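# Structural features, examined
Read off the chains here:
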Amino acid sequence: MLRFFLRRFAVAVLVALTVLTLAFLLTRVSGDLAISIAGPNATQADVDAIREAYGLNRPLVVQYFDWLGRAVQGDFGQSYFFRDRVANLIAARMPVTVTLGLVGLAIALVVSLPLGILAAVREGTWVDRLVGLVAMIGQAMPSFWLGLVLMIVFGLQLGWVPISGVETWDGYILPGIVLAFSAIPSLTRLTRSGMIEALASDYIRTARAKGLTRLSILVKHGFRNAAIPVVSIAAVQLGFMLGGSIVIETVFALHGVGFLAWESISKNDFPVVQAVVLVLALIYIALTLLADLLNAVLDPRLRTA
Amino acid sequence: MSAPAIEVRGLRRVFRVRQGLFAPPREVVAVDDVSFSVPAGSVLGVVGESGCGKSTLARLILGLLEPSAGDVLVDGQRLGGMDRRARARLIQPVFQDPFASLNPKRRIRDIVAMPLVAQGDVSRAEVERRVAEALDRVGLSREQGTRFPAQLSGGQRQRVAIARALVLRPRIVVCDEPTSALDVSVQAQILNLLAELRRDLGLTYLFISHNLAVVEHIASEVAVMYLGRIVERSESERLFAAPRHPYTRALLASVLTPEPGLGVPDVGLGDTMPDPANIPPGCRFHPRCPVAITKCSTEAPRPTADAAGLVECHLA
Amino acid sequence: MSALLEVADLRVTIGSTAAVRGASLTVNKGETHCLVGESGCGKSITALSVMGLLPRGAVRETTALRFAGEEIGRYGERQMERLRGDRMAMIFQEPMTSLNPAYTVGSQMTEVLRRHRGTPRAQAVDRAAELLARVGITAPGLRLGQYPHQLSGGLRQRVMIAMALMCDPELLIADEPTTALDVTVQAQILRLLAGLQKDLGLGILLITHDLGIVARVADRVSVMYAGEVVESAPTAALFAAPEHPYTRGLLTCVPVPGKAKRDEPLGSIPGVVPRIQPGFAGCGFRDRCAQASAACAGTIPRREASVGHEVLCTLPPRWGGAAAA
Amino acid sequence: MSAAVMPAGRGARLLRNPGFVVGAAIVGLCAVIAILAPWIVPYDPFAIDLDRRLVPPSFMEGGDPRNFLGTDQLGRDYFSRLIYGARISMVIGVLTVITSGLIGITMGVLGGFYGGKIDDAVVFAITTRLSIPAVLVALAVAALRGSSFILVVLVLGLLLWDRFAVVARSTTMQIRNLDYVSAAWCAGASRWWVLTREVLPNIATHLAVVATLEMALAILLEAALSFLGLGVPAPLPSWGLMISEAKEYMFFSPWVIMIPGAALFVLVMGVNLLGDALRDMMGTDLSR
């Protein structure tokens, strides 16, 4: 178990380092950063000055290790546009994004677990097909468009919830629903297939032969085993949701890290973009690590291995 | 007895089982110093319980696994290092599961033709002729040759697998549990077919099975494997009439013949299960052996060979 | 001896397959009844029908399904639930997958007693430990806390048996309980079952494809083919004088150790098992039978060859002189 | 054995599947529209007419029969732009699937086939790829390099190979260990033979399902990038860009976002229906 964890942790660190390197390369190989920062009206002298000021005239390897050394200490440098430390900016915006992600995940789980179980129990019937259709609709829905449509209907025409911002808690409802839509299809399908597999297994037949009640068979013996992959996918989905928050935060003008990234991209503020990519990647890596651990705790075959 | 068609010398295979990032990999000896030879036209049966290494032995001989040590020779030629196509002309397999052993996307005649086409230098007409001949040999019609595996029954699929093994006219056929997945009535058909082909084509079989009754029926010589080693080997009649190794005796005792009134025998083996990853010191069978003496737990017995065959036991 | 389980004219249809077509059998108290046949003959479906565990979409009809004198054919799911695991228990072929990997052996065993008797946990644990010891498991206390993946196949099957015995059932249905095990373990498990039956007076319905097992453990045998019980007899009578052409054929297919004749072919039955659709009439074996006649397409008479030895065949008893086996 | 596994019966079975029929009809129609766009548009989709801005569709109040779906904020014919938009979505979808498919399938098959160190490297690459937020990186690259049609295809292709790799790897691994592959080795078949004749045909249907999923995803991502202003550059009528340009007017004229959004939804739904029908046909579930 400890060995399993150590191995997974080592892989996670390696992945994180690779992402750090990629994030660095991303900004350095896709064009001359100094020209991008200086903007279209800058003179050669301006560009040179920027190069000097940001250390962009040093050899690439030196820049890399300098940047890497700072990044692992949580120092992502200064924002060109906000004139603030990048770490501060991200820290200030993170709560909104994380709250949004958790709201989205909660909604997604509340919807998809019952739907998936229902579809599995009624496998092959019209209920199952209906759930499949719902999942497919969710998958085909462009999230930014859904956001706009919900805004028009519930924000403007019905006036139930604010159309943008999260000054009050109900500002999270619409973006949370839209974000949940992206996770509902895969969570529902996974719950369904996990349940079907569990319900078709020999140990369910044993449980029935033991005369256990339907509820006990479904929940204790069926869902307990189907839940194992769902837990890890839920964690992974949360990672994807945070990564995809840029679209939803832009639509609803929520000032989270996604919105920060979008602002920075349009302002050519690369230290911020780089740092957001990194932080989101690290969160994702941490979440998958957590998922593996949860898996190991839930599955005795891994726990006692 | 004629010259050996196949000879196995000191074959050994060690698997390294990764245990984690920081722990050293553990070594599992799946096949340990196995030697035997089979005369042309006869059948060596290999029996043993699951995990005894008999399937690993088959894969080593077929070249699907690299041996850690030892050689396999067919007609005196070493198979190791031989061109794979040349090797294919000498030795061919028949596997256990007739559902997994045929490519579901190809027609039967293409499956049977595969070894010939893979040789690369056989003309199309020759391929067609030999496929037809092989299908005919195993009792399948031309029409069945145009079907897909999913359209055939388990027994018919096993006939296809046999036809595929025969199409290159090999010297040796390695049969790895060829009837275990089949029903009794179909098993009898396949066993009869294999026996008939051996007689007609002068084939030599290595016949691996956990079913002693089947092995006794088809094999002229039997090797008993336990945790990677051959613990007893002798002529079939002798082995079944007078087993010398206590493990062979236990195996034979556990065979339930269809004779009413005899009840279920007590095979006298304890609860301990053999674990290939954790081979006991001394004689590897001693924790389960009903007649073990003190020496057995400390000193590994040496194989003793005589006219009656080979046995590896302090008490034999 | 009185009948513990009586199945009369059982018919099960699954989709467009007639899986069981009028099977009848009786298991007496304290008797081992073997149901033998090849894959797809309907023997497992028959067992599952008795337990009320048929897969969804399967339709079951019987003229009688009596357990301990009570007609359970009309029982609802709730009533069957109370019966299963309590008065009738079942064990399965795959001991590797028949136990839930997520719970300990102890938890899965005590669950039965808690469900049916409401026994407090501590007492249920004592009972579980006692039964593990009874099925020959050393250190039962340790095993109770272990998960299924930590046990070998033989041990798991012992756990399954112990679990089936938790509520002192009258009937134990064992569906190919040793097929997935090594021969040496198979012998141990079968000895255990035979011992338990004698000590506890269990009625056992044992399903198998292995005639060796049948010969050694059964009091009575029913041979199934294509969804029908084609022959039913006391074990000794069946092996001494098999009547149905299928039974005779099957017996010649089995290589018998010590009687091997290497250069003679084994007897074999040509062809393959047919897939029987609803509405199929006559004998399901007639396409593979050397004795088939026009009469085989009609209604097949049930004949008594000797006392308690019934055959479903158009041929007269003791046809072709002495028995083939 | 049922006809279900017979290749001969497959086409007939697909035609009996309503999901497949609807999906194929939608995707087929979109493909035809995309190919024939220049010949079937009633107006030039780029022609600006500032006097006739935001005309509602002809079937709505205040509509003009000359513009079936009305006009946009610059007076361009919405129907013509929608038709050209289909072209962009289809081309992006297909090209992305080809690019990411080539990358992902190659990696997955190699990892699954050879195992060992090669497989470790492939798994590592997949893990790393998954941890990178795709939308964000695509946006950043677009911002740095200046957005263009080709760039969108390249970025999406380079980012969306992960599922191809995952599925190709796991299915190859399963098949590599089957006895028919062993039989091919024993027959002396070359690696190339085993890969192309024994492995690939048996993972092809799985990969086809992934291809539909990825195509749907690529179409949606392109729309999202264009919506954020960093995808296909204006004035190309990408559906995402149409929504983005129209969103200032959506509170008064909701149809300006409803029409391109609905088009996007219907196309993606069609692609998904196709994928689902393929999945049904295989009787397996790849969502795990």
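What counts, and where the lines are drawn
Residues numbered from 1 in each chain as written. Chains lettered and ligands numbered in written order. Predicted model: local features only at pLDDT ≥ 70, side-chain atom pairs only at ≥ 80, totals over all residues. Heavy atoms only, no water. Axes fitted to C-alpha atoms, helices over the stretch in contact; angles between N-to-C directions. Helix = DSSP H or I, 4+ residues; strand = E, 2+ residues; numbered from the N terminus. Parallel < 35°, antiparallel > 145°, perpendicular 65-115°, else oblique. Left-handed = near helix turned anticlockwise from the far one by under 90°. Contact = heavy atoms within 4.5 Å. Nonpolar A, V, L, I, M, F, W, Y, C, P; charged D, E, K, R; others polar. Expected span 1.5 Å × (residues − 1). Buried < 20%, exposed > 50% of the residue type's maximum accessible area, 1.4 Å probe, protein only. Polar contact = N/O pair within 3.5 Å; in protein donor to acceptor, adjacent residues only side chain to side chain. Pairing = 2+ DSSP bridges. Domains from an automatic or database assignment. Buried area = accessible area lost by both parts, 1.4 Å probe. Salt bridge = Lys/Arg side-chain N within 4 Å of Asp/Glu carboxyl O. Core = buried A, V, L, I, M, F, W, Y, C linked by side-chain atoms within 4.5 Å.

### A closer look at the packing of helix α12 (residues 270–298) of chain A against helix α5 (residues 134–145) of chain D
Running from N to C, α12(A) and α5(D) point in directions that differ by 160°, and their axes come no closer than 10 Å. Of the possible angle classes, the one that applies to α12(A) and α5(D) is roughly antiparallel. Between α12(A) and α5(D) lies a crossing of left-handed hand. Here α12(A) contributes F270(A), V273(A), V276(A), V277(A) and L280(A) to the contact with α5(D), which in turn contributes L136(D), V137(D), A140(D) and L144(D). Considered class by class, the residues forming the contact of α12(A) with α5(D) number nine nonpolar, no polar and no charged.

### A word on helix α7 (residues 183–200) of chain C
Residues and elements named next belong to chain C. Compared with an ideal rise of 1.5 Å per residue, which puts 18 residues at 26 Å, α7 spans 26 Å between its outermost C-alpha atoms and is within 8% of the ideal. Listed in full, the buried residues belonging to α7 are V183, T184, V185, Q186, A187, Q188, I189, L190, L192, L193, L196 and Q197. Following α7 by one or two positions, G201 adopts a phi angle in the positive range, close to 65°.

### Details of the side chain of S234(B)
Residues and elements named next belong to chain B. Structurally, S234 can be placed in strand β10 (residues 229–235). Accessibility expressed as a relative area gives 4% for S234, which makes it buried. One polar contact links the side chain of S234 to the main-chain amide nitrogen of L239, over a distance of 3.5 Å.

### Quick look at the environment of S42(B)
Residue and element names in this part refer to chain B. Along the chain, S42 turns up in the loop between β2 (26–39) and β3 (43–47). Each C-alpha atom of the pair S42 and I279 lies 33 Å from the other, and the pair is 237 residues apart in sequence. Within polar-contact distance, the side chain of S42 engages the backbone oxygen of P39 at 2.8 Å.

### Topic: the pairing of β3(B)
Residue and element names in this part refer to chain B. Burial analysis of β3 places five of its five residues in the buried class, which makes it a mostly covered element. Here β3 shows two buried faces, one formed by V43, G45 and V47 and the other by L44 and V46. With four bridges joining them, β3 and strand β9 (residues 221–226) adopt parallel strand pairing. Note on β9: the bridge partner recorded for L44 is E221.

### Re the domain arrangement of chain A
Residue and element names in this part refer to chain A. Domain assignment breaks chain A into domain 1 (2–72) and domain 2 (93–303). Measuring from the centre of the C-alpha atoms in domain 1 to the corresponding centre in domain 2 gives 32 Å. Contacts between domain 1 and domain 2 engage 17 residues on the former and twelve residues on the latter. Taken together, the two surfaces of domain 1 and domain 2 that pack against each other cover about 1,400 Å², and 79% of this comes from carbon and sulfur. Counting across the interface, domain 1 meets domain 2 through one salt bridge. Between R8 and D292 there is a salt bridge, with the nearest N and O atoms lying 2.1 Å from each other. For the side of domain 1 that touches domain 2, the secondary-structure elements that each account for two or more residues are α1 (2–29) and α2 (33–38). Among the elements that take part in the side of domain 1 that touches domain 2, α1 stands out by supplying 13 residues, more than any other. For the side of domain 1 that touches domain 2, the residue count by class is 13 nonpolar, two polar and two charged.

### Re the nonpolar core
Ranked by size, the top nonpolar core spans 169 residues in total, and within it V112(B), I162(B), F207(B), M90(C), M109(C), I161(C) and I173(C) carry the most contacts. Mapped onto the domain boundaries, this core takes at least three residues apiece from domain 1 (3–87 + 170–312) and domain 2 (95–168) of chain C. Sequence-distant contacts of M109(C), defined by excluding residues within four places in its chain, comprise A128(C), L132(C), L144(C), V159(C), A162(C), M163(C) and M166(C).

### Here we look at the interface of chain A and chain D
Counting residues at the interface gives 51 residues for chain A and 44 residues for chain D. Summed over both sides, the interface of chain A with chain D buries roughly 4,100 Å², with 80% coming from carbon and sulfur. Broken down residue by residue, the surface that chain A buries against chain D is led by M136(A), F144(A) and W145(A), which jointly contribute 16%. Joining chain A to chain D, the criterion identifies one salt bridge. Our count for the chain A to chain D interface comes out at two residue pairs in polar contact (both at pLDDT 80 or more). Of all elements in the fold, only α1, α2, α6 (126–140), α7 (143–157), α8 (173–199), α10 (214–252), α11 (257–266) and α12 of chain A reach the threshold of two or more residues within the side of chain A that touches chain D. A per-class count over the side of chain A that touches chain D returns 38 nonpolar, ten polar and three charged.

### What about the interface of chain C and chain B?
Tallying the contact residues gives 47 residues for chain C and 44 residues for chain B. Buried area between chain C and chain B, both sides added, is near 3,800 Å², and the carbon and sulfur share of it is 57%. The largest share of the area that chain C buries against chain B comes from T184(C), R216(C) and R262(C), three residues that together contribute 22% of it. At the boundary of chain C with chain B, the tally comes to zero salt bridges. The interface formed by chain C and chain B includes twelve residue pairs in polar contact (both at pLDDT 80 or more). Among the secondary structure elements, those contributing two or more residues to the side of chain C that touches chain B are α7, α8 (211–217), α9 (235–240) and α10 (245–253) of chain C. Across the side of chain C that touches chain B, the residue classes tally to 22 nonpolar, 14 polar and eleven charged.

### A closer look at the arrangement of the chains
Contact analysis covers five pairs of chains in contact, and the most contacts occur between chains A and D. The smallest C-alpha distance separating chain C from chain D is 9 Å, and no contact links them.

### Describing the sheet that holds strand β8 (residues 204–209) of chain B
All names here are of chain B. Read across the sheet, eight strands follow the order β6-β7-β8-β3-β9-β10-β12-β11 without closing on themselves; strand pairing throughout is mixed. Every interior strand has two partners, whereas the edge strands, β6 (91–94) and β11 (304–306), have only one. Ignoring which end each strand starts from, the neighbouring axes of this sheet average 20° apart. Relative to β10, β9 runs antiparallel, the two being bridged by six bridges. Residue pairing across strands places E221 opposite E235, the latter belonging to β10. Of the strands in this sheet, β3, β7 (172–176) and β8 touch helix α7 (residues 184–201), which is tilted by about 155° from β8.

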